[in-house]
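# Structural characterization, general
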Amino acid sequence: MRSKAEQLKAPRGTRDLVGPLQDLFEKIEASGRRAAEAAGYRRISTPIFENAALFVRSVGEETDVVGKEMYLLQDRKGRRLALRPEGTAPVVRAFIERNLASAGLPVRLYYLGPMFRYERPQGGRYRQFHQFGCELFGSSSPAADFEVVGVARRFLEDLGVASHLVLNHLGCPRCKEAFARSLADFAKTISDRLCPDCRRRAERNPLRLLDCKVPDCRDLHSLAPEMELCEACSANAASIKNALREAGIEFSWDSRLVRGLDYYTGVVFEFRSADLGAQDAVLGGGRYDELVEALGGPSTPAVGFAAGIDRLALLLERTSSSPLRPFVVILPMEERQTLAAAELADGLRAAARKELPKHCSDREPVILSALRARRLKTALAEAAEAGARFVVILGENEMARGSVTVKNLDTREQWSVSVEDYSRAGGTNLAHFLREHSVPRKKAEQETISGGKD
RNA sequence: GUGGAUAUAGCUCAACUGGUCAGAGCGCCGGUCUGUGGAACCGGAGGUUGCGGGUUCGAUCCCCGUUAUCCACCCCA
């Protein structure tokens, strides 16, 4: 007989975010929000499913992402919907549909959330994965490209992720089109000597030819025509390089960097990590000046990027993380005080809102009640292990006196604190005491996520 | 979608070529210890060896299927 757990497992390529992994996700998301908002980006949340046609028209019918990786569904009225495989198209759709340009250009938006692609799962690659992305509408200036790369970089730096920046310039639609055509023509002449993948690429996405990893193909491709940028495009590429150099941002230029989504034009870039194996792109983006118009909006230049949160979490897994550290743990001595302990904890949390110092960043202090009585020795050891600062002991003696014993786990001092009018006064007595006796910890110790155990 | 590998306790891993081999460490629970600190020692619970078939007197081990994971390709975050 099969157990329920075996029959109902999470679908392939999906996973539950819980414990340290969830902590990590929140940390990464917080860094994203910080980096984006600091540059004036506002969050947008779009639906998780859209009309399938949106992605066909933007990402491109011939790309793998829409050709074979989309989760397609039909609702009861026969509408063709798709779980979003990427974030840019929905944001552009919303930009047009909500007439966001009316607030005045440029418009800066960021998003955070799950994306879906039907792919063979691998480390750092999931069928439901998560992205943080920024989109900047309304500027064709290299300053906009520079800004977006800068936000991306700040975000990664803030997380402490080591990565290197690679850029390329695909040219304006005219350059890109011409180059693709000449590559395809070239491929045709040597078609019989190319690997099967490259033969397919020649048809569907000639630019990708340059990215082949088969050695023989690479040799052939070295004979391929070079990208020729028009005057405007090469000036654009040059000014971006200059800006990056002047800002002291390290990067490499790779003419083989081609992104798999059709809408890219102009600058494209990736941040790669050496610690990720084959899935080394941790963040990717570029310019998509034609997309807004292609989807029915006013001609509007735009740049953006998307970062893979799951991949970042993979990189940071080693360097984290401790669970929520309690500020106070209430310990009942005997079974019959457990309910009183829970009540005390509840009242203390209410009081703490107003009265306790913000001891750990932007979170409320964590106040726990132990739900069972254990030997004091073990209970104290556990509380100390969990990193609690105070322990409140509630036993026969305390109940008789109408007080509790408060112990500071750092200094080992302890006091008897009266709680007689505790509930009437909204818990001020104990809360006040704790406030008076808590000194701010050093910064490193305040971190609830990145700080290890003492 | 293609090629390859793996699957044993909550976790990390053992078990010579099929024959008491279902184990260890960590974790968890309890005791030594009736109300004061992360220790030590002792004990306990937990597995039809991913699942389903097959070969065999006998399968964790061999074969087939299946599911999941990992690696590479494709592609991408």
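Our focus in this paragraph is the overall build of chain A. When helices and strands are tallied, chain A shows 17 helices and 16 strands. Of all 454 residues assigned to chain A, the portion counted as buried reaches 47%. Summarising the internal contacts of chain A: among those between residues at least 6 apart in sequence, 69% fall at separations of at least 24. Split by element, the accessible area of chain A, about 23700 Å² in all, is 49% carbon and sulfur.

On to the pairing of strand β6 (residues 128-137). Two faces make up the sheet, and in a regular strand the side chains alternate between them. Most of β6 is tucked away: nine of the 10 residues are buried. Pairing analysis gives seven bridges linking β6 to strand β11 (residues 302-308), with the strands arranged antiparallel. From the neighbouring strand, Phe-137 faces β11, where its bridge partner is Ala-302.

So, on to the sheet that holds strand β9 (residues 265-272). Each strand in a sheet pairs with its neighbour through backbone hydrogen bonds, running either in the same direction (parallel) or in the opposite one (antiparallel). Pairing in this open sheet of eight strands is mixed, and the strands run β1-β5-β6-β11-β10-β9-β7-β8 from one edge to the other. Each having just a single partner strand, β1 (42-43) and β8 (252-253) make up the two edges of the open sheet. Strands in contact with helix α6 (residues 142-159) are β5 (107-116), β6, β7 (164-169), β9, β10 (281-287) and β11; relative to β11, the strand with the most contacts, it is inclined by about 15°. Contacting β7, β8 and β9, helix α10 (residues 231-246) runs over the sheet at an angle of about 165° to β7.

Another aspect to go through is the nonpolar core. Of all hydrophobic cores here, the largest spans 51 residues; its most connected members are Phe-55 and Phe-137. The element best represented in this core is helix α5 (residues 88-97), accounting for five residues. Counting residues in hydrophobic clusters, the runner-up holds 40 residues, among them Ala-36, Val-151, Val-161 and Ile-249.

Moving on: the environment of Arg-256. Its place among the elements puts Arg-256 in the loop between β8 and β9. C-alpha of Arg-256 to C-alpha of Pro-85: the two residues are 171 residues apart in sequence and 24 Å apart in space. Not counting chain neighbours up to four residues away, the residues in contact with Arg-256 comprise Asn-168, Leu-210, Asp-211 and Arg-218.

Another point: the pattern of salt bridges. Scanning the entire structure with this criterion turns up 17 salt bridges. Arg-93 is the partner of Glu-97 in a salt bridge, and the nearest nitrogen-oxygen pair spans 2.9 Å. With Glu-97 and Arg-93 both in helix α5, this residue pair falls four residues apart, about one helical turn. With relative accessibility at 48%, the residue Glu-97 sits in the partly exposed group. Taking the shortest distance from any N to any O, the salt bridge between Arg-256 and Asp-254 comes out at 3.5 Å. Owing to a relative accessible area of 17%, Asp-254 belongs among the buried residues under this scheme.

Let's shift gears to the protein's contact with RNA strand B. Around RNA strand B, the structure places 57 residues, and the nearest of them are Gly-123, Arg-208, Arg-259, Gly-260 and Arg-375. Between RNA strand B and Gln-122, the relevant distance is 2.9 Å, taken from a phosphate oxygen to a side-chain nitrogen or oxygen of the residue. Sorting the residues of the surface near RNA strand B by element identifies β6, α8 (196-204), β10, β11, α14 (376-385), α15 (396-401) and β15 (403-408) as the ones contributing at least two each. Broken down by element, the residue count for the surface near RNA strand B peaks at six residues, all from α14. Residue composition of the surface near RNA strand B, by class: 16 nonpolar, 14 polar and 27 charged.

A rise of 1.5 Å per residue sets the reference length of α10, with its 16 residues, at 22 Å; its end C-alpha atoms lie 22 Å apart and thus fit the reference within 8%. The complete set of buried residues in α10 reads Cys-233, Asn-236, Ala-237, Ile-240 and Leu-244. The buried side chains of α10 occupy one side of the element, clustering within an arc of 95° when seen end-on. Residues of α10 that are exposed and point more than 90 degrees away from the buried face comprise Glu-231, Ala-232, Arg-245 and Glu-246. Buried residues along α10 sit against α6, β7, α7 (173-189), β8 and β9. Among the residues trailing α10, Gly-248 stands out with phi positive, at a value near 75°.

Turning next to the packing of aromatic side chains. Scanning the entire structure with this criterion turns up 10 aromatic pairs. Ring geometry for Tyr-110 and Phe-132: centres 6.2 Å apart, planes at 65°, overall edge-to-face. Here Tyr-110 is found in strand β5, whereas its partner Phe-132 is found in strand β6, with 22 residues between them in sequence. Within the aromatic cluster, the residues linked to one another by ring pairs are Phe-95, Phe-137, Tyr-263, Tyr-264 and Tyr-288. Stacked on the ring of Tyr-118, the Lys or Arg Arg-127 has its end atom at 3.9 Å from the ring centre.

We now examine the side chain of Ser-58. Structurally, Ser-58 is set in helix α3 (residues 52-58). For Ser-58, a relative accessible area of 3% corresponds to the buried category. Reaching out from Ser-58, the side chain makes a polar contact with the backbone oxygen of Leu-54 at a distance of 2.8 Å. Other than its neighbours up to four places away in sequence, Ser-58 contacts Ala-89, Asp-262, Tyr-263, Leu-291 and Leu-295.

This part is about the state of the cysteines. This structure, assessed with the given rule, holds zero disulfides. This cysteine, Cys-230, is not joined by any disulfide, and Cys-233 carries the nearest cysteine sulfur, 3.5 Å off. Taking relative accessible area as the criterion, Cys-230 reaches 30% and is therefore assigned partly exposed.

Reading the values: rules and limits
- Residues numbered from 1 in each chain as written.
- Chains lettered and ligands numbered in written order.
- Predicted model: local features only at pLDDT ≥ 70, side-chain atom pairs only at ≥ 80, totals over all residues.
- Heavy atoms only, no water.
- Helix = DSSP H or I, 4+ residues; strand = E, 2+ residues; numbered from the N terminus.
- Buried < 20%, exposed > 50% of the residue type's maximum accessible area, 1.4 Å probe, protein only.
- Contact = heavy atoms within 4.5 Å.
- Areas by Shrake-Rupley, 256 points an atom, 1.4 Å probe, with all protein chains shown as cover.
- Pairing = 2+ DSSP bridges.
- Axes fitted to C-alpha atoms, helices over the stretch in contact; angles between N-to-C directions.
- Core = buried A, V, L, I, M, F, W, Y, C linked by side-chain atoms within 4.5 Å.
- Salt bridge = Lys/Arg side-chain N within 4 Å of Asp/Glu carboxyl O.
- Near = heavy atom within 4 Å.
- Polar contact = N/O pair within 3.5 Å; in protein donor to acceptor, adjacent residues only side chain to side chain.
- Nonpolar A, V, L, I, M, F, W, Y, C, P; charged D, E, K, R; others polar.
- Expected span 1.5 Å × (residues − 1).
- Arc of directions from axis to C-beta.
- Phe/Tyr/Trp six-rings, centres within 6.5 Å; stacked < 30°, edge-to-face > 60°.
- Lys NZ or Arg CZ within 6 Å of the ring centre and 35° of its normal.
- Disulfide = S-S within 2.5 Å.

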